[in-house]
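Chain residues, written in single-letter form:
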Amino acid sequence: YNEYKSYLSMADELEKRWNKSYATSQLKYEHDRKVLDNIQKKKLAEKASRKAEQMHVPYSEIVFGALMCSRIYSAISGYITDCDETYNFWEPTHFLLYKNGFQTWEYNPQFALRSYSYIALHAIFAKILDAISNHKVFVFYVVRILLGTFTAIAEDQFYSAVYRKYGKFIAISWLIISLFSPGMYISSTAYLPSTFAMCAITIAYAAWLDGSEQASVCWVAIGALVGWPFVAVIGVPIVWDIVVRKNKITQFLEYFFVALIFTITPIVIIDLAFYRKLLIAPLNILIYNVFNPYGSELYGTEPFSYYLANGFLNFNIIFVFALVSLPVYLAQKYFSKGLKDVGYLLTAMYLWFTIMFLAPHKEERFLYPVYPLISLAGAVVLYVIWKFTAACFGYFYRHMEKTAIVSVVGLFVVYISLALMRITALELYYQSPMHLYRDVYNIPEDKPVICIGKEWHRYPSSFFIPATGHVRRSEEHTSELQSHVRISY
């Protein structure tokens, strides 16, 4: 009995110890779990903070402000470099607002190569401005500022995407090139489908760099259908990435058809209202230029060197860098891994160059859609030059490695100097029509008649003609320009 009793007391003692030990272990487990949870939360918070830091672009407001200042300056001080801008877009817009203006054969219902959707988009804003000011020259310049604003927004999106993807050096280099480029000075405020296409393609590649595939496909479709159908070629690398590289065929088809339906439907409806028949104007211009035995060659042909000279005028040394950017990029892959996927953007530019350089009919505005990509290609080459120079300095003089940036600064000084000289030349030697017609608008006569004679290609549009005025031109060019617009309903 005594032994049994001692066994019971021992059992009670063991049970107490076990309970105490179990309670202690439970407390320790709870404590450890809380510590682990806190560590996990801290790691997640740090990860989210790093991601937010990566997504954040420093001084983005200053960048956008600089872009806006540059584009507003272009809108005010620039001039119309292409008579197509006047007669195919400003004049029809003038007709929509004031019921008179010149018309080209491309708006003839027999051909219907131009969609009214593009000009209607701008005419809405112009109508509001006209109601506010009742001054046509004011409307003209504010519309140009709106065009520049859209370009600045597209550029800001692209800058931010490049900054997040490739870092500070390439992003800032691209920004400097774009701000001072004579090509961007001209194209950013041009009332042309190629400028609209440039902005749409820029936003498309900004979305693609940020990983938004649907937005990139959508913007390529908008640029091609509302702007210029041929720029769809520039979106081929995006399609390749989605369909071939990532094998997302179903998703791409979904993105494509949604973008197609939501873009083409309003275009067809607007053109039905103006042309009084069902048609797809983007398809008409595509068929005319590709399958017509004459096509655009009727309007002149230029040698292969045309775009070389034009590109150098608009981008000087950066254009030379752009031409060699793809082989330079491929070569740098052997000693640097910091430019992932930039080859897609360079390929897009090279595809466009190949088509435009080989086409017999060449015009400056045909290269507008890839101007931001030219700037990026130049920035990539500058980055490689910087890295290569730093590597050389570091090999021979380790303490001088950081001074390699001087080589890039020197190239920027050359680029900016040449660019500013070109812009100054454009303002000094080609601005007279704009100054002249601003004075024409203020002619005190009741019903002035303005004769433009053979200078019809310098005519900046009917926005510079008083409401009671009338324009006469040389009859030698009636084959190219019809009389004042007369549309019957």
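Here the residue numbering is sequential within each chain, running from 1 through the sequence in written order. Only residues with pLDDT of at least 70 are given local features in this predicted model, and only at 80 or more are side-chain atom pairs given and counted; all residues enter the totals for whole chains, interfaces and linings. Remark: hydrogens and water are excluded; side-chain values derive from all non-hydrogen atoms of the structure.

Each Phe, Tyr or Trp ring, with Trp reduced to its six-membered ring, pairs with another whose centre is within 6.5 Å; inter-plane angles below 30 degrees give stacked pairs, above 60 give edge-to-face pairs, and intermediate values give tilted ones. Evaluation of the coordinates by the stated rule reveals 44 aromatic pairs. Geometrically, the ring pair formed by Y116 and Y275 is edge-to-face, given 5.2 Å between the ring centres and 65 degrees between the ring planes. Placement of Y116 in helix α4 (residues 116–133) and of Y275 in helix α11 (residues 249–275) is noted, with a sequence separation of 159 residues between them. Each member of the pair, Y116 as well as Y275, carries the same accessibility label: buried. Linked through ring pairs, F89, W90, Y98, Y118, F140, Y141, F150, Y191, F196, F463 and F464 together constitute an aromatic cluster. Working rule: Lys NZ or Arg CZ, within 6 Å of ring centre, within 35 degrees of ring normal, means a charge sits over the ring. Positioned above the aromatic ring of F95 is the side chain of K99, whose terminal nitrogen or guanidinium carbon lies 5.6 Å from the ring centre. In this arrangement the basic side chain of K136 is found over the ring face of Y98, its NZ or CZ atom lying 5.3 Å from the centre. Numbering of helices and strands starts at the N terminus; helices are DSSP runs of H or I of at least 4 residues and strands are runs of E of at least 2. Partly exposed describes any residue whose relative accessible area lies between the buried limit of under 20% and the exposed limit of over 50%, with all areas from a 1.4 Å probe on protein chains only and scaled to the type maximum.

Attention shifts here to the confidence of the model for the protein chain. Residues shown with low pLDDT carry predicted positions that ought not to be read at fine detail. Per-residue pLDDT for the protein chain averages 87, and the proportion of residues at 70 or more is 84%. Per-residue confidence from the prediction method is given by pLDDT, with values spanning 0 to 100. Two residues form a contact once any of their heavy atoms are found within 4.5 Å. Confidence drops under a pLDDT of 50 for residues 476–489, and excluding neighbours within four residues, the segment shows 34 contacts in the predicted structure.

Here, axes are lines fitted to C-alpha atoms. For helices the fit covers the stretch in contact, and angles between N-to-C directions go from 0 to 180 degrees. Here helix α15 (residues 325–332) crosses helix α16 (residues 342–358) at 160 degrees, and the two axes come no closer than 10 Å. Taken together, α15 and α16 sit at an angle that is classed as roughly antiparallel. Here the hand of the crossing between α15 and α16 comes out left-handed. Judged by residue contacts, S325, L326, P327 and Y329 of α15 engage V342, G343, L346, M349 and Y350 from α16. Among the residues forming the contact of α15 with α16, the class breakdown is seven nonpolar, two polar and no charged. An angle below 35 degrees is treated as roughly parallel, one above 145 as roughly antiparallel, one from 65 to 115 as roughly perpendicular, and anything else as oblique. Helix crossings fall into two classes, left-handed where the near helix is turned counterclockwise from the far one by less than a right angle and right-handed where it is turned clockwise. Amino acids are sorted into nonpolar (Ala, Val, Leu, Ile, Met, Phe, Trp, Tyr, Cys and Pro), charged (Asp, Glu, Lys and Arg) and polar (every other residue, Gly among them).

Multiplying one less than the number of residues by 1.5 Å gives the expected span of a helix. End to end, helix α9 (residues 213–227) covers 20 Å across 15 residues, agreeing with the expected 21 Å (1.5 Å per residue, within 8%). Most of α9 is tucked away: eleven of the 15 residues are buried. Residues of α9 that are buried sit in contact with α4, α8 (193–209), α10 (236–245), α11 and α12 (281–291).

Its location among the elements puts L175 in helix α6 (residues 168–180). Residue classification places L175 among the buried positions, given a relative accessible area of 11%. Measuring from C-alpha to C-alpha, the distance between L175 and E155 comes to 8.5 Å, with 20 residues separating the pair along the chain. Setting aside its immediate chain neighbours within four residues, L175 contacts V63, L67 and Y159.

This next bit is on the side chain of T151. One can find T151 in helix α5 (residues 136–166). Residue T151 is classed as buried on the basis of its relative accessible area of 1%. Only 3.1 Å separates the side chain of T151 from the backbone oxygen of L147, close enough to count as a polar contact. The definition of a polar contact used here is a pair of N or O atoms within 3.5 Å, where within protein one atom must be able to donate a hydrogen and the other to accept one, and adjacent residues in sequence count solely through side-chain atom pairs.

Turning our attention to α15. Inspection of α15 places S325, Y329 and Q332 among the buried residues, and these make up the whole buried set. Seen from one end, α15 has its buried residues packed into an arc of 70 degrees, which puts them on one side. Directions from the helix axis toward the C-beta atoms define the arc.

Next up on the list: the pattern of salt bridges. Counted as salt bridges are all cases of a side-chain nitrogen of Lys or Arg within 4 Å of a carboxyl oxygen of Asp or Glu. Throughout the structure, instances matching the rule amount to 13 salt bridges. Here R365 ties to D82 by a salt bridge, and the two come within 2.7 Å at their closest N and O atoms. On the criterion of sequence distance, the pair formed by R365 in the loop between α16 and α17 (371–396) and D82 in the loop between α2 (60–77) and α3 (83–98) is long-range, its members being 283 residues apart. Here the two residues R365 and D82 agree in accessibility, since each one is buried. Close ionic contact of R365 with E363 constitutes a salt bridge, the shortest N to O distance being 2.8 Å. Accessibility expressed as a relative area gives 9% for R365, which makes it buried. Here E363 falls in the buried class, since its relative accessible area comes to 16%. In this structure, a network of salt bridges that share partners links the residues K165, E213, D241, R245, K246, K248 and D341.

Residue N134 is not a glycine yet carries a positive backbone phi of 55 degrees. Turning to its location among the elements, N134 is positioned in the loop between α4 and α5.

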